[in-house]
Amino acid sequence: MHLIIPWDRPDSARECFHRDGFVVMEAALTPDECRWARDRLAGLFTGRFPTGSYPDEWYWREGLSRPDATRHMSNAWKSDQLIASIVQAPWVGDWIAYLNGWPRTRLGQDTIWIKPPLARPSSLHQDNSFIDFLAPATMSTCWMTFDDTHADAATIEYVPGSHLWPTAPLPADFHDPGDHRARMRASAAAAGVADPAVVQLEVPAGTIVFHDGNVWHGAAGSQRTGAAWRHTLAAHLLPADARFTTAPGGYIYRRYQLPDDDGLHDAFFPAYPPPDPRPGRPSFSILTAHS
Ligand SMILES: [Fe+2]
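Residues numbered from 1 in each chain as written. Predicted model: local features only at pLDDT ≥ 70, side-chain atom pairs only at ≥ 80, totals over all residues. Heavy atoms only, no water.

**Considerations on the packing of aromatic side chains**
Any aromatic ring pair is given by two values, namely how distant the centres are and how the planes are angled relative to each other.
Part 1 of the reasoning: Scanning the entire structure with this criterion turns up 16 aromatic pairs.
Part 2 of the reasoning: Judged by centre distance (5.5 Å) and plane angle (20 degrees), the ring pair of Tyr253 and Phe269 falls under stacked. Linking Tyr253 in the loop between strand E14 (243-244) and helix H6 (285-289) with Phe269 in the loop between E14 and H6, this pair joins segments that are 16 residues apart in sequence. For the pair formed by Tyr253 and Phe269, the shared burial category is buried.
Part 3 of the reasoning: Above the plane of the ring of Tyr98 lies Arg14, whose end atom (NZ or CZ) is 4.2 Å from the centre. (Phe/Tyr/Trp six-rings, centres within 6.5 Å; stacked < 30°, edge-to-face > 60°. Helix = DSSP H or I, 4+ residues; strand = E, 2+ residues; numbered from the N terminus. Buried < 20%, exposed > 50% of the residue type's maximum accessible area, 1.4 Å probe, protein only. Lys NZ or Arg CZ within 6 Å of the ring centre and 35° of its normal.)

Printed below as a string of structure tokens:
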């Protein structure tokens, strides 16, 4: 069991975040809120989008895709105002700003991952590899699980301390790797780390984890055939002053770059309010109000 930090101990959270590259906070959603979130996430994959706008990425279609394939969506906040209210909640910006020492933050994107029983692994990776067209090329993530997680059921796994290694180039095998830890091990060897430890999180539904964009993480395959689903939602935040560079890449992000303008605009990458210097416990009252 990994150390779990209470919400009224931000100093301890920041210490873990800087030492390990991630910090596991105590569960902050009730069972009812988790049930609401699981249903809401699953419902989006039927193609009914409350705002009428499609998300930026949508992998998995009912009746077309393999039942054991991982469901994935990016920028569901554009499709569902209640998802927007979760990923854009001020506490998310408060915490990411506090942990990193950033003066302001903005939303880079959100991601939904639904891992069914027998899901295949997701390669370990560093999120920062995916934003090498921004300056600074750094993000931090707020990850929320709405199910209990299990080591043999595709839980998220982290390599503590790996946020201090150099950022590796973008992987080519994100969704269908042979050995999902191979690239991480190669990167460890290059960084002079002989036997990197991997921590598989086993945490209750409603748990929230913050991770550094440079920490290696991913998911093992699921060995379970029963009802061991993993519904997760993540908000990926950038420093508010991030800019586009002339480097290639940016499949989603560059759709929202204006001509002759290197700025990330609030309409597409919403800024969070000025952060509270002492972040507090998350609130999900919006969910129960709509359940
Ligand atoms: Fe990631």
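**Here we look at the coordination of the iron ion**
Coordination angles at a metal have ideal targets, namely 109.5 degrees for four tetrahedral donors and 90 or 180 degrees for six octahedral donors.
Part 1 of the reasoning: Around the iron ion, the protein contributes the donor atoms His125 (NE2), Asp127 (OD) and His217 (NE2), which lie 2.1 to 2.2 Å from the metal centre.
Part 2 of the reasoning: Site description for the iron ion: donor spacing in sequence, H-x1-D-x89-H. The pair formed by His125 and Asp127 is uniform in burial state, with each residue classed as buried. (Donors = N, O, S within 2.8 Å, 3.2 Å for Na, K, Ca; no water.)

**Quick notes on the sheet that holds strand E11 (residues 208-212)**
Two orientations exist for strands paired in a sheet by backbone hydrogen bonds: parallel and antiparallel.
Part 1 of the reasoning: Strand order in this open sheet of eight strands is E1-E2-E11-E8-E13-E5-E4-E3, and the pairing throughout is mixed. Each edge of the sheet is formed by a strand with only one pairing partner; in this case those strands are strand E1 (4-5) and strand E3 (57-59).
Part 2 of the reasoning: As paired strands, strand E5 (residues 105-115) and strand E13 (residues 230-239) are joined by 10 bridges and run antiparallel to one another. Bridged to Asp110 within E13 is Ala235.
Part 3 of the reasoning: Strand contacts of helix H1 (residues 10-20): E1, strand E2 (22-25), strand E8 (140-145) and E11, with the helix running at about 140 degrees to E2, the strand carrying the most contacts.
Part 4 of the reasoning: Its contacts with the sheet put helix H4 (residues 90-100) on E2, E5, E8, E11 and E13, and the angle it makes with E8 is roughly 130 degrees. (Pairing = 2+ DSSP bridges. Contact = heavy atoms within 4.5 Å. Axes fitted to C-alpha atoms, helices over the stretch in contact; angles between N-to-C directions.)

**Let's talk about the environment of His72**
Part 1 of the reasoning: Among the secondary structure elements, His72 is positioned in strand E4 (residues 71-74).
Part 2 of the reasoning: Accessibility expressed as a relative area gives 6% for His72, which makes it buried.
Part 3 of the reasoning: Sequence-wise, His72 and Thr111 are 39 residues apart; in three dimensions their C-alpha atoms are separated by 7.1 Å.
Part 4 of the reasoning: Every residue in contact with His72, bar those within four places of it in the chain, is listed here: Phe45, Glu57, Trp58, Tyr59, Thr111, Ile112 and Trp113.
Part 5 of the reasoning: Separated by 3.1 Å, the side chain of His72 and the backbone oxygen of Ile112 make a polar contact. (Polar contact = N/O pair within 3.5 Å; in protein donor to acceptor, adjacent residues only side chain to side chain.)

**Some thoughts on the pattern of salt bridges**
Part 1 of the reasoning: The tally for this structure, following the rule as stated, stands at 13 salt bridges.
Part 2 of the reasoning: In this structure, Arg19 engages Asp20 in a salt bridge whose closest nitrogen and oxygen atoms are separated by 3.0 Å.
Part 3 of the reasoning: Take Asp20: its relative accessible area is 9%, and that puts it in the buried class.
Part 4 of the reasoning: Of the charged contacts in the structure, one is a salt bridge between Glu157 and Arg181, with a shortest N-O distance of 2.9 Å. Of the two residues, Glu157 sits in strand E9 (residues 156-158) while Arg181 sits in the loop between E9 and helix H5 (182-190), which places them 24 residues apart along the sequence.
Part 5 of the reasoning: Of the residues examined, Glu157 reaches a relative accessible area of 0% and is grouped as buried.
Part 6 of the reasoning: Among the residues examined, Arg181 registers a relative accessible area of 22% and is labelled partly exposed.
Part 7 of the reasoning: Salt bridges sharing common partners tie together Asp56, Lys78 and Arg255. (Salt bridge = Lys/Arg side-chain N within 4 Å of Asp/Glu carboxyl O.)

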